[in-house]
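Commentary on secondary and tertiary structure
One letter stands for each residue in the lines below.
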Amino acid sequence: MELSVSELINLVIAVAVLPLVVAIWRKSRALQGAPALLIGYFLMVASYTLTILEGVGGAAGELLNLAEHVALLCAGVAFVIGVRALARQVGGERS
């Protein structure tokens, strides 16, 4: 599998934005009640990293491909859990 420039750009942007995401998460009380959102972001960055490694991985490419898809699946689940926790928190404040 070839390494494409867009995969590298995805990883660079995700890592560059990471300090901003962490800073916003730390300052927001509502987001601190939903740590699954931050975990989901880290899992997305991990999947981007695995995509890059898959491109240069050689024989381990299939295993890295599987790990990439598992990381994306877990990121999706983490985002769903985080959004539900955030919705409960915001819904509780309105009552």
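This one's a predicted model, so the numbers in the text were calculated from it and none came from an experiment. (Residues numbered from 1 in each chain as written. Predicted model: local features only at pLDDT ≥ 70, side-chain atom pairs only at ≥ 80, totals over all residues. Heavy atoms only, no water.)

Thoughts on the overall build of the protein
Convention followed: A run of H or I in DSSP counts as a helix once it spans at least four residues, and a run of E counts as a strand once it spans at least two, with each numbered from the N terminus. Here the radius of gyration uses the C-alpha set of atoms, whereas the globule reference equals 2.2 Å times the residue count to the power 0.38. To sort residues, take the accessible area from a 1.4 Å probe on protein chains only and compare it with the maximum for the residue type: under 20% means buried, over 50% means exposed, and anything in between is partly exposed. Contacts are assigned to residue pairs with any non-hydrogen atoms lying within 4.5 Å of each other. Where accessible areas are quoted, they stem from the Shrake-Rupley method and a 1.4 Å probe; at the residue level, only the protein chains shown are allowed to cover. Here Asp and Glu are counted as negative and Lys and Arg as positive; His is not counted, and neither are the chain ends. A charged residue contributes its charge at one atom only: NZ of Lys, CZ of Arg, CG of Asp or CD of Glu.
A tally of helices and strands in the protein yields 4 helices and 0 strands. The N-to-C order of helical and strand elements in the protein reads α-α-α-α. Scaling as 2.2 N^0.38, a compact globule of 95 residues should have a C-alpha radius of gyration of about 12 Å, whereas the protein reaches 16 Å, well beyond that. The principal-axis extent of the C-alpha atoms belonging to the protein is close to 55 × 25 × 15 Å. Across the 95 residues in the protein, those meeting the buried criterion constitute 26%. For the protein, the share of sequence-separated contacts (at least 6 apart) that also reach a separation of at least 24 residues comes to 66%. Accessible area of the protein: about 6300 Å², with a carbon and sulfur share of 70%. On the protein, the mean spot of the 6 positive side-chain charges and the mean spot of the 6 negative ones are 28 Å from each other.

Thoughts on the environment of I24
Tracing the sequence through the fold places I24 in helix α1 (residues 5-27). Separated by 19 residues in sequence, I24 and V5 place their C-alpha atoms 29 Å apart.

What to know about a nonpolar patch on the surface
Worth spelling out the cut-off: The patches described consist of residues with a relative accessible area above 30% and no salt bridge, like charges being joined within 9 Å and nonpolar side chains (Val, Leu, Ile, Met, Phe, Trp, Tyr) within 5 Å. When a carboxyl oxygen of Asp or Glu is within 4 Å of a side-chain nitrogen of Lys or Arg, the pair counts as a salt bridge.
Together, V5, I9, I13, V17, L20 and I24 make up an exposed nonpolar region whose accessible area comes to about 540 Å². When you line up the elements, I9 lands in helix α1. By relative accessible area, which is 43% here, I9 ends up partly exposed.

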